[in-house]
Amino acid sequence: MSWLESLLLGLLQGLTEYLPISSSGHLTIASSLFGIDGEQNLAFTVIVHVATVLSTLVVLWKEIVWIFRDLFSRQSWKSYSGLNEGTRYAVNIVISMIPVGIVGLFFKDSIEDIFGSGTTVVGCMLLVTALLLAFSYYAKPRQKESISCGSAFVIGLAQAVAVLPGLSRSGSTIATGLLLGNRKDKLAQFSFLMVIPPILGEALLDAKDLIEQAGASAVQETGTSVLLVGFLAAFVSGMAACKWMISIVRKGKLIYFGIYCAVAGILTLLFL
């Protein structure tokens with residue numbers, strides 16, 4: 001992998017991780033166009049995933065501090081309703097992680113087989129993403145004041161399904177939350193905070209595989225400068241995309257991304 005390819009793929013990862021257009025799908029398409037074998041660039045995958053997590057922590061640091069402040073304050077843990085707002089928020093994030101945790105633990109090998117099945121799956125899942133975004137744009141459910149534990153679990157189910165390449169994680173979780181009637185101003189930040197543990201878990205599993213397969217030689221093979229370029233590109237573009245996406249969700253403009261996903265899916269199926 002050259003530094004230019006690392007720059008482009010890093011920018012692509014950072015942008016598409018938060019925009020509802022599927023980072024995994026776009027990286028699969030880009031790797032196919034560049035002739036890059038993902039298995040040979042595991043170190044790069046780990047680096048850009050860590051970069052996107054750090055970009056989220058920087059953008060949403062106030063919300064994270066608020067959650068931890070409430071979490072460690074003196075309160076009653078006897079019931080969910082008796083918890084303060086920040087602690088309920090943290091509990092909802094944990095609840096949302098249950099489905100993707102189950103998928104990661106028991107179906108990891110099957111998912112990796114799907115990732116290796118080429119761009120056909122990506123094209124089909126981009127079309128599914130387009131449909132989800134369209135439904136969430138035109139549906140007008142009754143608005144809820146806050147995200148409930150039930151909604152958190154259903155949004156978590158959407159995240160678990162979105163491990164399929166081409167099915168956007170942010171698009172699936174945000175669209176599902178909107179269809180459940182959750183408020184736009186609360187949903188984007190919840191969607192981005194709930195993906196931090198799964199992305200970190202994915203990066204740790206990839207790092208474990210990296211150490212078992214090749215260790216430091218994999219980093220040397222890819223190149224330290226190449227990895228640094230990819231990290232910085234993913235970090236900067238991730239911060240920009242995270243801020244932009246929060247604004248887009250509040251304005252309810254997801255339909256434009258639905259149109260993009262539909263066009264990208266059709267072009268992928270026709271030409272790749």
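Residues numbered from 1 in each chain as written. Predicted model: local features only at pLDDT ≥ 70, side-chain atom pairs only at ≥ 80, totals over all residues. Heavy atoms only, no water.

Undergrad: Can you lay out the overall build of the chain for me, pointing to particular residues and giving the numbers?
TA: Counting its regular elements, the chain contains 14 helices and zero strands. Reading the chain from its N terminus to its C terminus gives the helix and strand order α-α-α-α-α-α-α-α-α-α-α-α-α-α. Intrachain contacts of the chain at a sequence separation of at least 6 include 81% that bridge at least 24 residues. Of the accessible surface of the chain, which amounts to about 13,400 Å², a share of 68% is contributed by carbon and sulfur atoms. (Helix = DSSP H or I, 4+ residues; strand = E, 2+ residues; numbered from the N terminus. Contact = heavy atoms within 4.5 Å. Areas by Shrake-Rupley, 256 points an atom, 1.4 Å probe, with all protein chains shown as cover.)

Undergrad: Any chance you could break down the nonpolar core for me, citing the residues and the numbers?
TA: Counting residues in hydrophobic clusters, the biggest one holds 43 residues, and the most contacted among them are Phe190, Phe192, Leu193 and Leu254. With residues up to four places along the chain from it excluded, the contact list for Leu193 reads Leu60, Glu63, Ile64, Ile67, Tyr89 and Ile93. Counting residues in hydrophobic clusters, the runner-up holds 10 residues, among them Leu9, Ala43, Ala51 and Ala234. (Core = buried A, V, L, I, M, F, W, Y, C linked by side-chain atoms within 4.5 Å. Buried < 20%, exposed > 50% of the residue type's maximum accessible area, 1.4 Å probe, protein only.)

Undergrad: How would you sum up the side chain of Thr129? Please name residues and give values.
TA: Assignment of secondary structure puts Thr129 in helix H7 (residues 119-138). Other than its neighbours up to four places away in sequence, Thr129 contacts Pro20, Gly166, Leu167, Ser168 and Cys261.

Undergrad: Describe a positive patch on the surface, naming the residues involved and giving the relevant values.
TA: On the surface, Lys140, Lys184, Lys251 and Lys253 cluster together to form a positively charged patch. Locating Lys140 in the fold gives a position in the loop between H7 and helix H8 (149-161). According to the relative accessible area criterion, Lys140 is exposed, its value standing at 70%. (Patch = residues over 30% accessible without salt bridge, like charges linked within 9 Å, V, L, I, M, F, W, Y side chains within 5 Å. Salt bridge = Lys/Arg side-chain N within 4 Å of Asp/Glu carboxyl O. Lys, Arg positive; Asp, Glu negative; His and termini not counted. Charge placed at Lys NZ, Arg CZ, Asp CG, Glu CD.)

Undergrad: Quick rundown of a nonpolar patch on the surface? Include the residues and the values.
TA: Together, Ile98, Ile102, Leu105, Phe106, Phe107, Phe153, Val154 and Leu157 make up an exposed nonpolar region whose accessible area comes to about 770 Å². Counting only elements with at least two residues in the nonpolar patch, the list comes to helix H5 (85-106) and H8. It is H5 that provides the largest number of residues to the nonpolar patch, a total of four residues. Within the fold, Val154 resides in helix H8. Residue classification places Val154 among the partly exposed residues on the basis of a relative accessible area of 33%.

Undergrad: Mind laying out the pattern of salt bridges, listing which residues take part and the relevant values?
TA: Applying the stated criterion across every chain yields a total of two salt bridges. Close ionic contact of Asp70 with Arg69 constitutes a salt bridge, the shortest N to O distance being 3.9 Å.

Undergrad: A description of the packing of aromatic side chains should follow, citing residues and the corresponding values.
TA: Each aromatic ring pair is specified by the distance between its two centres and by the angle formed by the two planes. Applying the stated criterion to the full structure yields seven aromatic pairs. Aromatic pair Trp66 and Tyr89: ring centres 5.4 Å apart, planes at 65°, arrangement edge-to-face. Of this pair, Trp66 sits in helix H4 (residues 61-71) while Tyr89 sits in helix H5, and the two are 23 residues apart along the sequence. Ring centres of Phe68 and Phe72 lie 6.2 Å apart, and the angle between their planes is 15°; this geometry places the pair in the stacked category. Among the residues examined, Phe72 registers a relative accessible area of 64% and is labelled exposed. (Phe/Tyr/Trp six-rings, centres within 6.5 Å; stacked < 30°, edge-to-face > 60°.)

Undergrad: How would you summarise the environment of Leu9 if you had to cite specific residues and measurements?
TA: Residue placement: Leu9 occurs in helix H1 (residues 3-18). Judged by its relative accessible area of 3%, Leu9 is buried.

Undergrad: Explain unusual backbone geometry residue by residue, including any values.
TA: The backbone of Ser22 sits at a positive phi, close to 75°, despite the residue not being glycine. If you trace the backbone, Ser22 turns up in the loop between H1 and helix H2 (23-34).

Undergrad: So what about H7? Which residues, and what values?
TA: A rise of 1.5 Å per residue sets the reference length of H7, with its 20 residues, at 28 Å; its end C-alpha atoms lie 29 Å apart and thus fit the reference within 8%. Within H7, the full set of buried residues consists of Thr119, Val122, Gly123, Met125, Leu126, Thr129, Ala130, Leu133 and Ser136. Tucked inside the fold, the buried residues of H7 contact H2, helix H9 (169-179) and helix H14 (255-271). (Expected span 1.5 Å × (residues − 1).)

Undergrad: Describe the environment of Gly166, with residues and values.
TA: Inspection of the secondary structure puts Gly166 in the loop between H8 and H9. C-alpha separation for the pair Gly166 and Gly123, spaced 43 residues apart in sequence, amounts to 6.6 Å.

Undergrad: Lay out the confidence of the model for the chain with the relevant residues and their values.
TA: For the chain, the mean per-residue pLDDT works out to 82, and 86% of the residues sit at or above 70. Across the chain, the element-wise mean pLDDT spans from 55 in helix H12 (residues 216-222) up to 92 in H8. (pLDDT = per-residue confidence, 0-100.)

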